[in-house]
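Each chain is listed here by its residues.
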Amino acid sequence: MLNVHTIAAFNDNYIWLIHQTNSLNAYVVDPGCGQTVIDYLATTDLNLIGILITHHHSDHTGGIEKLQQHFNDNLTVYGPSNERIDGLTQPLTLETTMSIEIPHLGLTQVMAVPGHTLGHIAYYIDDKLFCGDTLFSGGCGRLFEGTPEQMLHSLTMLANLPDKTLVFCAHEYTRSNLDFALHVTPKNLQLIDYANKVDQLRSQNKPTIPSSIATEKAINPFLRCHLNETQVAISAKSGVDNINEIQSFTLIREWKNQF
């Protein structure tokens, strides 16, 4: 079983420290801040042996160099080969999905999920998804490099994972995402209930992550662009009638950008 530790960084980033229950050898996912990881590891018995990177943005990669220096370069660093990321030792090249055996983590499915960036990848290990800035709870990443078609395809791939999959995204954006989602579909009872639970967690300064694929399919408008409820709301906002799924996604992403 994969254990996941939450390391908060910057204003709203999450760095994930992961290891198998029967092992003290650990990896971090998207360490934007190296010192934060070093300080957290000092409170544990874990031994950092590697890094998993989803994409090239500095709040996900900024700690690589410091961690390599601290651990004398004895770290295996996985990440997308088609993005410029200093410090990679295991660049991953894939078109859709691939399975790799990561020492002390086990079989890991790596998925190409372009949209936020062109080379963005996600890691799926033991029913746990580490998806960087592709899928957020209640939302999705901005399209800095990819197209709406790419992002919709990526999100659909993630939505097709088992419902029990836990979603470990990289930011605490949930409350603001839900503000928008409730504006789009205010009568979604599961969304209303989830927003109340999120408010309770945040009032106690607790993370809202992980979410799950089942939850996101029920409440996340970006995973519900194929549904009439969402399309009606987007048509009313945009004035565009008879929209299809990709039009729905494109328009709702533009709407969220300006929200």
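Caption draft 1: Geometry of the pairing of strand β9 (residues 121–125). Within β9, five of the five residues are buried, which leaves it mostly tucked inside the rest of the structure. Here β9 shows two buried faces, one formed by Ile 121, Tyr 123 and Ile 125 and the other by Ala 122 and Tyr 124. The sheet contact formed by strand β8 (residues 106–112) and β9 spans four bridges and is antiparallel. Along β9, the bridge assignment pairs Val 110 with Tyr 123. Judged from the three bridges that link them, β9 and strand β10 (residues 128–132) form a sheet pairing that is antiparallel. The residue bridging Tyr 124 from the neighbouring strand is Leu 129, located in β10. Hairpin connection of β9 to β10: two residues between the antiparallel strands, including Asp 126 at a positive phi of 50 degrees.

Caption draft 2: Fine view of the pattern of salt bridges. Taken as a whole, this structure holds seven salt bridges when the rule is applied. The partner of Lys 217 in a salt bridge is Asp 163, with the nearest N and O atoms 2.7 Å apart. Residue Lys 217 is located in helix α7 (residues 213–219), and its partner Asp 163 is located in the loop between α4 (148–159) and β13 (166–169); the two are separated by 54 residues in the primary sequence. Taking relative accessible area as the criterion, Asp 163 reaches 40% and is therefore assigned partly exposed. Across the pair Glu 229 and Arg 224 runs a salt bridge whose closest N-O atoms are separated by 3.3 Å.

Caption draft 3: Local environment of the environment of Asp 59. Along the polypeptide, Asp 59 turns up in helix α2 (residues 58–61). Of the residues examined, Asp 59 reaches a relative accessible area of 22% and is grouped as partly exposed. Beyond its immediate sequence surroundings of up to four residues, Asp 59 is in contact with Phe 10, Asn 13, Asp 30, Gly 32 and His 171. A polar atom in the side chain of Asp 59 sits 3.3 Å from the side chain of His 171.

Caption draft 4: Molecular detail of the packing of helix α5 (residues 174–184) against helix α9 (residues 245–257). With their axes 11 Å apart at the nearest point, α5 and α9 run at an angle of 125 degrees to one another. One way to sum up the angle between α5 and α9 is to call them oblique. Crossing handedness for the pair α5 and α9: right-handed. Seen from α5, the contacting residues are Asn 177, Phe 180, His 183 and Val 184; seen from α9, they are Ile 252, Trp 255 and Lys 256. A class-by-class count of the residues in the contact of α5 with α9 yields four nonpolar, two polar and one charged.

So, how was this worked out
Residues numbered from 1 in each chain as written. Predicted model: local features only at pLDDT ≥ 70, side-chain atom pairs only at ≥ 80, totals over all residues. Heavy atoms only, no water. Buried < 20%, exposed > 50% of the residue type's maximum accessible area, 1.4 Å probe, protein only. Helix = DSSP H or I, 4+ residues; strand = E, 2+ residues; numbered from the N terminus. Pairing = 2+ DSSP bridges. Salt bridge = Lys/Arg side-chain N within 4 Å of Asp/Glu carboxyl O. Contact = heavy atoms within 4.5 Å. Polar contact = N/O pair within 3.5 Å; in protein donor to acceptor, adjacent residues only side chain to side chain. Axes fitted to C-alpha atoms, helices over the stretch in contact; angles between N-to-C directions. Parallel < 35°, antiparallel > 145°, perpendicular 65-115°, else oblique. Left-handed = near helix turned anticlockwise from the far one by under 90°. Nonpolar A, V, L, I, M, F, W, Y, C, P; charged D, E, K, R; others polar.

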